[in-house]
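Structural overview for review
The chain contents come next:
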Amino acid sequence: MTVSLIAPPTTVIDDDVIVKFDHVNKFYGSMHVLNDICLEVKKNEALVIIGPSGSGKSTLLRSINHLEKINSGHIYVNGRMIGYYEKNGRLYEDNEKNIAVQRASIGMVFQRFNLFPHLTAIENIMEAPLNVLKLSRENATAEAERLLQRVGLSEKRDSYPNQLSGGQQQRIAIARALAMKPGLMLFDEPTSALDPEMIGEVLDVMKELAHEMTMIVVSHEMGFARAVADRMIFVDEGRIIEYSTPEELYTHPREARTKEFLSKILH
Amino acid sequence: MYSFDWAVFWKYLWPVTALQDPLIRSGLIVTVAVSIIAQLLGVILGLFAALGKMSKIGPLKVLAEAYIWYFRGTPLLVQMMLLFFGLGVTHIYNFPDIHLGAIMISGAIQAGTLALAINEGAYMAEIVRAGIEAIDPGQLEAAKSLGMPYSLSMRRIILPQAAKVIIPPLGNEFNNMMKTTSIMTVISAAELFFAFTQVNARLFQPFELFIAASFYYLALTTIWSFVQSWIESSLGERKSVVHTPGFLQRVFTFKGVH
């Protein structure tokens, strides 16, 4: 295992770079889940990540808000290293509180929604603004109602998650993440747990968000990627195999592995 | 042939006459009060022990594990005797009688309550831990991703959900607690069973009196089972609005309604 001992600058020079991976490695035992990942995502860019299951694409995404630890390298979000701080050239895991502060500005949407089942739709959305941002109840309610309208679910304001369809739950989950006014949104296979007829409504909400904020999406939805993505990466065995535009990737993939994978998902 | 003294039996079984005896009256109050206080303290201790056991901080984890190991691994009777007589004789701590206006809380009652609470905490720790571990890890991840620190996530997201898992076994623990308070008799704490032994010392009618005593515990645990089923079904209602149990179902359902 290589451990980086050279201290990089704590701030990324380019203000436009929202997320930066700098030689990031992660291991599960002997498995190299993230293999020397280097990547930059610019402000208001939409990046779509594809790759076979177990390729490390979800791990890559989850390490951006430190839901996954890394073994070496650096990840910067908004110019600040996330999850770790550096002292005498060595990395130490940051404390819970500092990590929480950074996570508050990164939205995340999960494959299985992870709505809070004991709270209603609007309470789910208001929870973090009330208790993390310390907004007043009036402001939090007004903002939550605006977001409910935005995702087209105003009439489900007081429903509990188990009274909502999968697609509705995921739209509430998106509203919940947006309530923190994040500059960056992470989507971890947001439509893979949905019935086919509900995929569209979730993708429509996501399309509207694109280019208003920075988005990193793990998804195999080709239509969405073509419509929205500025860049795409193909990840396999922990490496970024290919980095290009959706048009190039789908029509002229350079790598044999990309071709093989695309032939499987595009029938 | 033993002649059963029906007069003594009915006198001490029928609450109106039995509670005229100040020993029985205060004994019943002490049993109920001690049960509630010891259970509440036990839940609090159990919560901290469970969080300690799941903690990443080494010393905290070891401390919590040692506590659970010792108090689940030794008899409550021994723990109570040790706490009251052991600490007393060595002058480490003598439980003094406390006077609160007209009420006197004896050292034995305090020591007994404390022993029950500490013992209960060790059992509650495992129940609370199981409750927390029953919650989908995605819940904590969602809370974290919203910028909620660990303590806030626990308080607002995990524990309210875990409570639904914890409440049915907690109800059973309280049922047990009300019966287990009778162990305090060994340190002469004036609870319900001790009161019956005192009456028995006067009348020497153990068969009649102890049957009567058993019915008091049966009454307490039966009343509690109604309360418990009411709590559980109202929790069930909040969770799913579709299912609303009727009155009969609510009263006679002893297991949680989900």
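Residues numbered from 1 in each chain as written. Chains lettered and ligands numbered in written order. Predicted model: local features only at pLDDT ≥ 70, side-chain atom pairs only at ≥ 80, totals over all residues. Heavy atoms only, no water.

With respect to the packing of aromatic side chains
Residue and element names in this part refer to chain B. Basically, it comes down to this: Only the six-membered ring of Trp is used, alongside the rings of Phe and Tyr, when aromatic pairs are assigned; centres must lie within 6.5 Å, and planes under 30 degrees apart are stacked while those over 60 apart are edge-to-face, with the rest tilted. Secondary structure elements are defined from DSSP: runs of H or I of at least 4 residues count as helices, runs of E of at least 2 residues count as strands, and each element is numbered from the N terminus.
Following the criterion strictly, the structure yields 17 aromatic pairs over all chains and no others. A ring pair is formed by Y67 and F71, whose centres lie 5.4 Å apart and whose planes are at 55°; its orientation type is tilted. One end of the pair is Y67 and the other is F71, both in helix α4 (residues 58–73) and 4 residues apart, which spans about a single turn. Here the aromatic residues Y2, F4, W6, F9, W10 and F207 are joined through ring pairs into a cluster of three or more.

Looking at the nonpolar core
Cut-off, in case you're wondering: For the purposes of this section, nonpolar cores are sets of buried Ala, Val, Leu, Ile, Met, Phe, Trp, Tyr and Cys residues that join through side-chain atoms within 4.5 Å. Each residue's exposure class comes from its accessible area (1.4 Å probe, protein chains only) as a fraction of the maximum for that residue type: buried when under 20%, exposed when over 50%, partly exposed otherwise. The contact criterion used is simple: two residues touch if any of their non-hydrogen atoms lie within 4.5 Å.
Core analysis: the biggest nonpolar cluster contains 52 residues, and F21(A), L184(A) and I216(A) have the highest contact counts within it. When residues of this core are assigned to their parent elements, the largest contribution, 7 residues, is made by helix α8 (residues 150–180) of chain B. For I216(A), the contacting residues outside a window of four places in its chain are V19(A), V41(A), L47(A), I49(A), L61(A), I64(A), L184(A), M185(A), L186(A) and F187(A). Counting residues in each nonpolar core, the second largest holds 50 residues, with L130(A), I174(A), L209(A) and A225(A) among its members.

Some thoughts on the packing of helix α3 (residues 22–54) of chain B against helix α9 (residues 192–203) of chain B
Residue and element names in this part refer to chain B. Basically, it comes down to this: Geometry is summarised by axes, namely lines fitted to C-alpha atoms with helices restricted to the contacting stretch, and by angles between N-to-C directions that run from 0 to 180 degrees. What sets the label is the angle itself: under 35 degrees gives roughly parallel, over 145 gives roughly antiparallel, 65 to 115 gives roughly perpendicular, and the rest give oblique. Less than a right angle of anticlockwise turn of the near helix away from the far helix marks a crossing as left-handed, whereas a clockwise turn marks it as right-handed. Residue classes follow a fixed rule: Ala, Val, Leu, Ile, Met, Phe, Trp, Tyr, Cys and Pro count as nonpolar, while Asp, Glu, Lys and Arg count as charged, and any other residue, Gly among them, counts as polar.
Contact geometry for α3 and α9: axes closest at 7 Å, N-to-C directions at 160°. One element, α3, and the other, α9, form an angle in the roughly antiparallel class. Crossing handedness for the pair α3 and α9: right-handed. Contact residues: α3 offers L23, I24, G27, L28 and T31, while α9 offers L192, A195, F196, Q198, V199 and R202. Looking at side-chain class alone, the contact of α3 with α9 contains 7 nonpolar, 3 polar and 1 charged residues.

Brief notes about the confidence of the model for chain B
Do not read the fine detail of predicted coordinates wherever pLDDT is low. Residue and element names in this part refer to chain B. Put simply, the rule reads: Every residue gets a pLDDT, meaning the predictor's confidence in that residue, from 0 to 100.
Per-chain confidence: chain B averages 89 in pLDDT, with 91% of residues scoring 70 or above. Segment residues 240–247: pLDDT under 50, and 9 contacts once partners within four positions in sequence are set aside and those in other chains are kept. Low pLDDT, under 50, characterises residues 254–258; the stretch is placed with 9 contacts to residues that sit more than four places away or in other chains. What the predictor reports for the complex is a pTM of 0.83 with an ipTM of 0.90.

A few points about the sheet that holds strand β3 (residues 46–50) of chain A
Residue and element names in this part refer to chain A. The criterion, for reference: Two strands pair under a simple rule: DSSP has to find at least two bridges between them.
If you trace the 6 strands from one edge of the open sheet to the other, you get β8-β9-β10-β3-β11-β12, paired in mixed fashion. Among the strands making up the open sheet, the edge pair consists of β8 (106–109) and β12 (239–244). Taking the axes of each pair of neighbouring strands and ignoring which way they run, one obtains an average angle of 15° across the sheet.

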